[in-house]
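# Report on the structure
If you want the building blocks of each chain, they are given just below.
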Amino acid sequence: MTDYRTPAAKVRGLGASGHGTAHFIAQRVTSIALFFLVPVFVWMLATSGAPDPAATRAFLASPMGAIVTLLTLTAGFHHMRSGLQVVIEDYVHKAGTKAFLLLGNTFLTLGLWLVTVFALVKLAL
Amino acid sequence: MASDWSDPRPMSPHLQVWRWHATMASSILHRATGIGNYIGAVAIAVWLVLLAFGAEGSIAFLFEGWMAWVTRFGLILLTYSVSYHWLNGLRHLFWDFGKGFDPKGSNFRSMAIMFVAIIPTAALWLGFGS
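Counting starts from 1 at the beginning of each chain's written sequence and moves along it residue by residue. For naming, the first written chain is A and the first written ligand is 1, with later ones following in the order written. Reporting in this predicted model follows two pLDDT cut-offs: at least 70 for local features of residues, and 80 or more for side-chain atom pairs to be given and counted; totals over whole chains, interfaces and linings ignore these cut-offs and use all residues. Only hydrogens and water are removed before side-chain values are computed, so all heavy atoms of the structure are retained for them.

### Observations regarding the overall build of chain A
So the rule is basically this: The way it works is that DSSP assigns letters per residue, a run of H or I at least four long becomes a helix, a run of E at least two long becomes a strand, and they are numbered from the N terminus. For the radius of gyration, the atom set is restricted to C-alpha positions; the globular benchmark scales as 2.2 Å times the number of residues to the power 0.38. A simple rule labels every residue: compare its accessible area, found with a 1.4 Å probe on the protein chains alone, to the largest value its type can have, and call it buried under 20%, exposed over 50%, or partly exposed in between. Should any heavy atoms of two residues lie within 4.5 Å, those residues are considered in contact. A residue counts as positive if it is Lys or Arg and as negative if it is Asp or Glu; His and the chain ends are not included. The location of each charge is read from NZ of Lys, CZ of Arg, CG of Asp or CD of Glu.
Scanning chain A for helices and strands turns up five helices and zero strands. Whereas a compact globule of 125 residues would reach a radius of gyration of roughly 14 Å, chain A reaches 20 Å, over 25% beyond that. In terms of principal-axis extent, the alpha carbons of chain A reach across some 75 × 25 × 25 Å. Buried positions account for 30% of the 125 residues belonging to chain A. For chain A, long-range pairs separated by at least 24 residues make up 65% of all intrachain contacts whose partners lie at least 6 apart in sequence. For chain A, the centre of its 9 positive side-chain charges and the centre of its 4 negative side-chain charges are spaced 6 Å apart.

Written out as C-alpha cells, the structure reads:
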C-alpha cells in the first residue's frame, strides 16, 4: 500500500514535544549557577578537614557549609540530570533500554537529591 | 547502541575515520568529564548521607591501607574532571553569545583548557593532599 503521508506529517507530535528550548535554557541557567558555586564548595570542602568524619559533619552542620552544599548539589543534580539525558538520547536508540536508562537517570538524580537534602537538614538543624 | 540501529541508510562517518584534532578531543572530553562528574557527585552525595546517619563506618575501608591511594587517585581524577568541565563549560557559555568560533583560536583554547585544568587540580592536592 502506498503511503501518501509526508515525512513531516509522520513525525509531527513525536519527539521532544516542544520542551527542547526549556531543556536548553535550564542547562545554561544551572551551569551559570554552578560556575559560581562549584569553586566555593570545593574550596570550603577541601579546607574543612574532610574526609575526617567529625570535621566533615561540623562543616555540613555549619550554616554556610549547609547552605553552599545545598545550593551546589541542587544546581548540580539538575544539571546532571539534563546532561546525562542528552547523552542517553544521543547514544541509546533501542526504545526499551533508552526508557529504562532515562527513568534510572531521573530516579537517581531526583531521589538522591531529596535524600541529600534530608540528610543535610538533619545535620544542620 | 550501534547494533540496534536498524536504519538502512548510510550513516555519517564517525570517530573511526576522522583524524583526531583538538576541538574534537575537547568536545569528547567535555562529555566524558560530565559523566565523570556525575559519578563523582553521586559518590559525594552518598557519602554525605552516610555521614548524616553516622554510617560512614561502612565505607571506612576506602580510607585505609592501599585503598586510600585508590580513593585519592579517584578524587584527583575527579578534581581534574570538574576543573576541565568548569573551564570548558565557561567556553560553552561564550559560544552561546556567538563568541569563540575562529578555527585557530578554537584549537588553541581546546589545548589550553586541557592543560590549564591541571592547575587547580595540582593546587588543591599539593596544598591539602596530606
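Structure shown, so let's carry the discussion forward.
### Quick look at the packing of aromatic side chains
Each aromatic ring pair is characterised by the separation of its centres together with the angle its planes make. Which entries qualify depends on this criterion: Geometry of aromatic contacts follows a simple scheme: Phe, Tyr and Trp rings, the Trp one being its six-membered ring, pair when their centres are within 6.5 Å, and the pair is stacked under 30 degrees between planes, edge-to-face over 60, tilted otherwise. The criterion for a charge sitting over a ring is simple: Lys NZ or Arg CZ within 6 Å of the ring centre, and within 35 degrees of the ring normal.
Using the criterion set out here, one finds five aromatic pairs over all chains in the structure. Note on Phe118(A) and Phe53(B): the rings are 6.1 Å apart at their centroids and 25° apart in plane angle, and the pair reads as stacked. Taken together, the positions of Phe118(A) in helix H5 (residues 95-124) and Phe53(B) in the loop between helix H1 (22-52) and helix H2 (65-96) put the pair across two chains. Relative to Phe101(B), the ring of Trp95(B) has its centre 6.1 Å away and its plane inclined at 20°; by these criteria the two rings are stacked. Taken together, the aromatic side chains of Phe35(A), Phe36(A) and Trp86(B) make up a single cluster linked through ring pairs. Over the ring of Phe24(A) we find Arg28(A); its NZ or CZ atom is 3.8 Å from the centre of that ring. Of note, Arg72(B) hangs over the ring of Trp69(B), and the distance from its end group to the ring centre comes to 4.8 Å.

### Quick notes on the pattern of salt bridges
Side chains that differ in sign of charge can pair as their charged atoms come close. Stated precisely, the cut-off is as follows: The working definition used for a salt bridge is a side-chain nitrogen of Lys or Arg within 4 Å of a carboxyl oxygen of Asp or Glu.
Following the criterion strictly, the structure yields five salt bridges over all chains and no others. Across the salt bridge formed by Arg31(B) and Asp90(A), the nearest N and O atoms sit 2.7 Å from each other. Of this pair, Arg31(B) sits in helix H1 while Asp90(A) sits in helix H4 (residues 63-91), on two different chains. Across the salt bridge formed by Asp102(B) and Arg109(B), the nearest N and O atoms sit 3.0 Å from each other.

### Focus on a nonpolar patch on the surface
Under the convention used in this document: Residues enter patches when their relative accessible area tops 30% and they take part in no salt bridge; the joining distance is 9 Å for like charges and 5 Å for the nonpolar side chains Val, Leu, Ile, Met, Phe, Trp and Tyr. Computed with a 1.4 Å probe, the accessible areas rest on the Shrake-Rupley method; for each residue, only the protein chains presented here act as cover.
A surface patch of nonpolar side chains, amounting to about 280 Å² of accessible area, comprises Phe24(A), Ile25(A) and Val29(A). Assignment of secondary structure puts Val29(A) in helix H2 (residues 20-46).

### Structural notes on the UniProt feature "transmembrane region" (unreviewed entry) in chain A
All names here are of chain A. The cut-off we apply is this: UniProt positions are given in the numbering used here, feature names are shortened, and annotations may be inferred rather than shown by experiment.
Under the local residue numbering, the UniProt record ascribes the feature "transmembrane region" (unreviewed entry) to residues 25-46, 58-79 and 99-121. As a span, residues 25-46 carries 100% helix and 0% strand, and end to end its C-alpha atoms are 31 Å apart. A distance of 27 Å separates the end C-alpha atoms of residues 58-79, which is 95% helix and 0% strand.

### Things to note about the nonpolar core
Note the following rule: Only buried residues count toward a nonpolar core, which is a set of Ala, Val, Leu, Ile, Met, Phe, Trp, Tyr and Cys residues joined through side-chain atoms within 4.5 Å.
One finds Leu60(A), Phe77(A), Met80(A) and Trp47(B) to be the most contacted residues of the largest nonpolar core, which totals 28 residues. Within the residue set of this core, elements represented by two or more residues are H2, helix H3 (53-61), H4 and H5 of chain A together with H1 of chain B. Excluding residues that lie within four positions of it along the chain, Phe77(A) makes contacts with Thr109(A), Leu112(A), Trp113(A), Thr116(A) and Ala45(B). Core analysis: the second largest hydrophobic core is formed by five residues, Tyr84(B), Ile113(B), Met114(B) and Ala117(B) among them.

### Describing helix H3 (residues 103-116) of chain B
Residue and element names in this part refer to chain B. What counts is decided by this rule: What a helix should span is 1.5 Å times the count of its residues minus one. The arc under discussion is defined with respect to the helix axis, by the directions toward the C-beta atoms.
Taking 1.5 Å of rise per residue, 14 residues should cover 20 Å, and H3 covers 20 Å from first to last C-alpha, within 8% of that figure. Looking only at H3, the buried set comprises Gly 105, Ser 106, Ser 110, Ile 113 and Met 114. The buried residues of H3 occupy an angular sector of 165° when projected down its axis, which confines them to one face. Residues of H3 that are exposed and point more than 90 degrees away from the buried face comprise Lys 104, Phe 108 and Phe 115.

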